[in-house]
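# Overview (structure and organization)
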Amino acid sequence: MEQLVSSGIVDSFFNKLKSSLEVDVAIVGGGPSGLVASYYLAKKGLRVALYERKNAPGGGMWGGAMMFNEIIVQSIALPILEEFGIEYTHYKEDYYTLDSVQATSSLIYHASKAGVRIFNNTTIEDVVFQDQKVAGIVLNWAPVQRERMHIDPLVIMAKAVIDGTGHDCDIARTLERKNDVRLNTSTGKVIGERSLSVEEAERTTVENTKEIYPGLYVCGMASNGVSGGFRMGPIFGGMLLSGKKVAELILDQTTV
Ligand code: 48F
């Protein structure tokens, strides 16, 4: 019995990992924007894997604002909430409140049910850079990186990579730091996030969602970080819309 339990887990995990060594889209970061992107891509039949450094995907959505576990969404993003079966209550004007725990768990559940392979406790420490294009990601266990253990990673090849790492814009920064590249931003570099300005930030989160280098897309707060947009606090319409937009951009590419 003991051996059966262990071998079941090992066999099943390695099947999942092995069938994900080459994917259509690799998404780094399981925040709201990455989760929404993964869902829309998988729903269209693409092979999608999502990598999250923490034990629980969900990023900055679980905790609401200052641990008050409610978030705000504008009416323009309500169709996405409905697609994910998330309940909302009208507050005032254009703004709706929702329970951040229900919202986050629904995004994760529906992404997984749509066929996204979610790998938690993993960190993406680099990209595969071939022929002036991002062609995959370099994968390790999060504790390996945290403990600064000198252990080589595995490689996952992907036709498109999404940087959904939030405020850090970790993947864009790594690409820029290690390679002599010019990104699709006004300076050609990662510009860095600006201070808080809600309306402006909500708009630019979606505007700045784009392919920033051949093979590398950004969504969510990473989009604003890369292009020098503002932060916005606990309002999430822009994050959800950004996730949907990056999925649509990739689906429009003929190569995927
Ligand atoms: O920050 P995060 O929630 O990303 P997002 O989708 O949403 C931003 C909002 O939560 C909030 C906001 C809206 O008001 O400003 O901050 O842009 O989630 C990013 C996830 O990426 C993981 C990190 O643990 C988090 O869960 N992550 C970051 N770097 C890596 C990573 C990495 N190198 N490898 C794997 N996961």
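Let me begin by describing the structure that accompanies this report. (Residues numbered from 1 in each chain as written. Predicted model: local features only at pLDDT ≥ 70, side-chain atom pairs only at ≥ 80, totals over all residues. Heavy atoms only, no water.)

### Concerning unusual backbone geometry
The cut-off we apply is this: Runs of H or I in DSSP of at least four residues are treated as helices and runs of E of at least two as strands, each being numbered from the N terminus. Under the scheme applied here, a residue whose accessible area is under 20% of the maximum for its type counts as buried, over 50% as exposed, and between as partly exposed, the area being computed with a 1.4 Å probe on protein chains only.
With a phi close to 50 degrees, glutamate 93 is a non-glycine residue in the positive phi region. Here glutamate 93 shows up in the loop between strand 4 (89–92) and strand 5 (95–99). Under the relative-accessibility criterion, glutamate 93 is labelled exposed at 70%.

### A word on a nonpolar patch on the surface
We apply this condition: Only residues whose relative accessible area exceeds 30% and that take part in no salt bridge are eligible for patches, with like-charged residues grouped when within 9 Å of each other and nonpolar side chains (Val, Leu, Ile, Met, Phe, Trp, Tyr) grouped when within 5 Å. Note on areas: these come from Shrake-Rupley sampling with a 1.4 Å probe, and a residue is covered only by the protein chains present in the view. Salt bridge, as used here: a side-chain nitrogen of Lys or Arg that lies within 4 Å of a carboxyl oxygen of Asp or Glu.
A cluster of nonpolar side chains, Met1, Leu4, Val5 and Ile9, forms an exposed patch at the surface whose accessible area comes to about 470 Å². Inspection of the secondary structure assignment puts leucine 4 in helix 1 (residues 2–18). A relative accessible area of 60% means that leucine 4 is categorised as exposed.

### Observations concerning the pairing of strand 2 (residues 48–52)
The condition is simple: Pairing between two strands is assigned when DSSP locates at least 2 bridges connecting them. Throughout, right-handed denotes a crossover for which the path from the first strand over the helix to the second runs clockwise when the strands point away from the viewer.
The element strand 2 is extensively covered by neighbouring structure, given that five of its five residues are classed as buried. The side-chain alternation of strand 2 yields two buried faces, one formed by Val48, Leu50 and Glu52 and the other by Ala49 and Tyr51. As defined by bridge partners, strand 1 (residues 22–28) adjoins strand 2 across four bridges and the pair is classed as parallel. When the sheet's bridge partners are listed, isoleucine 27 is paired in strand 2 with leucine 50. Read from strand 1 through helix 2 (residues 32–43) to strand 2, the crossover connection turns out right-handed. Pairing of strand 2 with strand 6 (residues 117–120), which is carried by four bridges, proceeds in the parallel orientation. Bridge pairing in strand 6 links glutamate 52 to asparagine 120.

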